[in-house]
There are 4 protein chains.
Amino acid sequence: MKVTVVAGNPKAGSRTLDAGKLVASAVTGSTADSVVDVIELGPGLLGWGDDTVVQAVETVADSDLVVFASPTFKATYTGVLKLFLDQFATGEGLRDVVAVPVMLGAGPAHALAPELLLKPVLVELGATAPAPGLYLADTTYTTDSRIAEYVERWGSVLVAAVTARTGF
Amino acid sequence: MKVTVVAGNPKAGSRTLDAGKLVASAVTGSTADSVVDVIELGPGLLGWGDDTVVQAVETVADSDLVVFASPTFKATYTGVLKLFLDQFATGEGLRDVVAVPVMLGAGPAHALAPELLLKPVLVELGATAPAPGLYLADTTYTTDSRIAEYVERWGSVLVAAVTARTGF
Amino acid sequence: MKVTVVAGNPKAGSRTLDAGKLVASAVTGSTADSVVDVIELGPGLLGWGDDTVVQAVETVADSDLVVFASPTFKATYTGVLKLFLDQFATGEGLRDVVAVPVMLGAGPAHALAPELLLKPVLVELGATAPAPGLYLADTTYTTDSRIAEYVERWGSVLVAAVTARTGF
Amino acid sequence: MKVTVVAGNPKAGSRTLDAGKLVASAVTGSTADSVVDVIELGPGLLGWGDDTVVQAVETVADSDLVVFASPTFKATYTGVLKLFLDQFATGEGLRDVVAVPVMLGAGPAHALAPELLLKPVLVELGATAPAPGLYLADTTYTTDSRIAEYVERWGSVLVAAVTARTGF
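Residues numbered from 1 in each chain as written. Chains lettered and ligands numbered in written order. Predicted model: local features only at pLDDT ≥ 70, side-chain atom pairs only at ≥ 80, totals over all residues. Heavy atoms only, no water.

> Account for the relation of the copies chain A and chain D, with residues named and values stated.
When chain A is brought onto chain D, the operation consists of a screw motion whose angular component is 180 degrees and whose axial shift is 0.0 Å, with 0.0 Å RMSD remaining. In short, the pair behaves as if placed about a two-fold rotation axis. When C-alpha distances to the rotation axis are compared across chain A, the minimum falls at Gly79 of chain A, with a value of 2.3 Å. Interface overlap between copies is the fraction of interface residues in one copy that are interface residues in the other; for chain A against chain D it reaches 100%, indicating a shared surface. (Least-squares fit on C-alpha atoms with pLDDT ≥ 70 in both. Contact = heavy atoms within 4.5 Å.)

Printed below as a string of C-alpha cells:
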C-alpha cells in the first residue's frame, strides 16, 4: 500500500505535516512513503504545468491512501492546500485514492470543517473518502487520544477501502 | 446483504421513494428488503419512543446498505427526513450501515446538496458513506443515465464497504 | 418593528425558545411581539394547509425581525425546525424578514453550524441575514457574555437592515 | 462609497474579473474604484508581509463595498482567492466591508457554492454579507439577466448596509 501525506501549511515542516504523518502511520502501521509539503513546491503553484508541481500531483494520484492535512484558516482549509488541489482533474485526479481529510485548529469551534468543507473537495476530485473528516487540536494532538480513537473506529474501514480496490 | 430504502417525502409513495428503490436495486442487483416511507410513520415522528418509529429506526440500523432519499426543499433535504434522522443516536445509530445519500430536484442548481448537506448528517450518525452524494433530476431519473453512471463508478465501492464489515 | 421568535425544539417551552427570546430582546431592547414554538403547532406540520400552521407562517412572514433558534441535533438544526421552514415559499416566504440564525449546543464542536447550515436555508427563503449565525452553549447562555458580544457587534447592523426596508 | 472588486482567477484579466466589475457597477451605478486581480500580486501571496500584498489587503479593508469573484474550481472557490483571504485577520480584516460573494461556473450544478462556501469565509473575516451569494454562468453573464435580477432584488439591501455604517 502506497501512502502519502499532503500538508497545506504556509510554513514548511509544520505541525500540520507532523500530524498528517501521525495519522498515516496510525492507520497503516508504518511510515508514509511520500510527503508533499505543499509550500515547498513554490511559486509554480500559482500557474499550471510546473515540473515540481506536476510530479507532486502524480505522486499523490498514484498513491493508495493519502492524508490531506491543513491548519484551519478562516474557519476552513488553507489557500495553500486548495492551490495544490486545484492542480488535479475534476472527478479523475484522485480516482484511485482513498483520502483522509484532516484539519488542525486552536480550539474546537471549527470541528465541523473537515467533514463539511475539506472532504467535499476531495470527493469532487474522485477520491473515495469512507471515514469522517478528522479535526485535531493543534497543541495536544501528540498527547491526546483523538488520533487513536479515530483509527480504532475508522482505520479498518480505510484499509478495507484500499484493499477492495487494489487487492493488497 | 440487507438493503433498506428510506424516503423523506411529505407525500407517501413519492417519486423520491421510487428513485431510492431504483438506486438500491442498481447497486445490489436485487429489490430492497425493506422500505421506510417516513411520512407514513405519522405524528409519532414529532416525539420520542413511538413504537412504529422505533421499529423503523431498528430496521434501518440493522441494515447493511441504506439509501436515504429526499426531495430538495429550500435547497436541502426535507424536514420530514431530518425528523426521522433525529431519532437515531449520534455516532452510533448508523454505525453498522453503509449509507447512500440521494436527493431529487427540479433542476441542477442544487446538485451540491447531497454531498455538502445530506451526507454529513449520515456521517454524524456513524454511517460509512464511501461514495459521493447522488443528485437526480426528478422528472428524468427513470430515463436518463445518471443512476447507471453512478453505479458503474461507485457500486463496487459501496458493495466492498459492506463486504469489508460483514464478510458477505 | 415587529419581532418574532421561532424555536424548533421537539420539547415545548425549551431553553432554545428562552435563548431565542433573549437574543431578540438584546437586539431590539424590548420583548418579542410573537413566539412560534414550532412543536406546539402539532401534526399539521406533517402536511400542507393546516390552519394553525398557516397562521404561524403568516406571523413570521409579516415580521420585520425574526430569530430562528434551534438546538443542535446531529451537528445541524432540527427536523422540527426544518418542517416549519418547509412551509414557506422559496425565495418569497421570508422576503420581508431580517433573520437571525441561532443554534444552541452542548459543546463548541458544532459552532459552525448556524452559519454554514441554518443561515443558507433562511436565505433560500428570501430572508436578509446580514449578521453571522450565532452559536450558544446551552448550559451557559444566560450567564456567559456571548449574546451581549454578538449584539454589541451586530445589533446595529440588524436594526439598520430592518430600518432600511421599513423606514422604522 | 469606495468600491473594490477582487478576482481570484489564476489567469490575469479573466472573465471573473470582468463579471466582478459588472456586478459592482450594477449595484452602485458607477465603476469600481479599485481592482485586485489576485494572481497579479505574485509569489508574495505564498508568505506573509509582502508589500504589494499588504497594500492590496489594505485597499480591500478600507473599502465600503467589495465584490469577491471567483471561478468555480473543484465545486468551490479557487485556491488563489483563498490565499488572498488568508492574509486578512479573522473577525477583523473585513470588519468595515459590505461583501458580495460571486462565483462563475460552466454549468448550474455548483450554484450553491457562493452561499454555502464562499460567503462563510467572508463572514469569518468580519464582513457584512446581507445578500445571497451570486452564481453566474461564465459564458452568458454578459447577455443573460442574472446580474440585473440580482441587483433589482438585492442592490438596495447592499447599498443600505453600506449607508447604515458610513452615513453615505
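Once you've had a look at it, read on.
> Can you lay out the pattern of salt bridges for me, pointing to particular residues and giving the numbers?
Oppositely charged side chains can pair when the atoms bearing their charge come close. All chains considered together, the criterion is met by 16 salt bridges over all chains. The shortest N-O distance in the salt bridge between Glu115 of chain B and Lys119 of chain B comes to 3.0 Å. Pair noted here: Glu115 of chain B and Lys119 of chain B are both in helix H4 (residues 113-124), with a separation of 4 residues, about one helical turn. You'll find Glu115 of chain B and Lys119 of chain B in the same group, each marked buried. Put simply, Arg165 of chain C and Asp64 of chain C hold a salt bridge, and the shortest N to O gap is 3.2 Å. Pair noted here: Arg165 of chain C is in helix H5 (residues 146-166) and Asp64 of chain C is in the loop between helix H2 (51-61) and strand E3 (65-71), with a separation of 101 residues, a long-range link. Taking relative accessible area as the criterion, Asp64 of chain C reaches 9% and is therefore assigned buried. (Salt bridge = Lys/Arg side-chain N within 4 Å of Asp/Glu carboxyl O. Helix = DSSP H or I, 4+ residues; strand = E, 2+ residues; numbered from the N terminus. Buried < 20%, exposed > 50% of the residue type's maximum accessible area, 1.4 Å probe, protein only.)

> If you had to explain unusual backbone geometry to someone new, which residues and values would you point to?
Residue and element names in this part refer to chain A. Of note in this structure, Ala75 is not a glycine but carries a positive phi near 70 degrees. Take Ala75: it is sitting in the loop between strand E3 (65-71) and helix H3 (79-85). Note on Ala75: relative accessible area 7%, which makes it buried.

> Please set out the relation of the copies chain B and chain C residue by residue, giving values where relevant.
For the pair chain B and chain C, the superposition axis carries a translation of 0.0 Å, the fit reaches an RMSD of 0.0 Å, and the rotation angle comes to 180 degrees. By residue overlap, the copies meet face to face through one surface: 100% of the interface positions of chain B are interface positions in chain C.

> Explain the interface of chain B and chain C to me, using residue names and the numbers behind them.
With 27 residues of chain B at the contact, the number on the chain C side is 27 residues. Summing both partners gives a buried area of about 2,000 Å² for chain B against chain C, and 67% of it is carried by carbon and sulfur. Broken down residue by residue, the surface that chain B buries against chain C is led by Leu46, Lys74 and Glu124 of chain B, which jointly contribute 34%. Counting the contacts that link chain B with chain C gives 0 salt bridges. Applying the counting criterion to the chain B and chain C interface returns 10 residue pairs in polar contact (both at pLDDT 80 or more). (Buried area = accessible area lost by both parts, 1.4 Å probe. Polar contact = N/O pair within 3.5 Å; in protein donor to acceptor, adjacent residues only side chain to side chain.)

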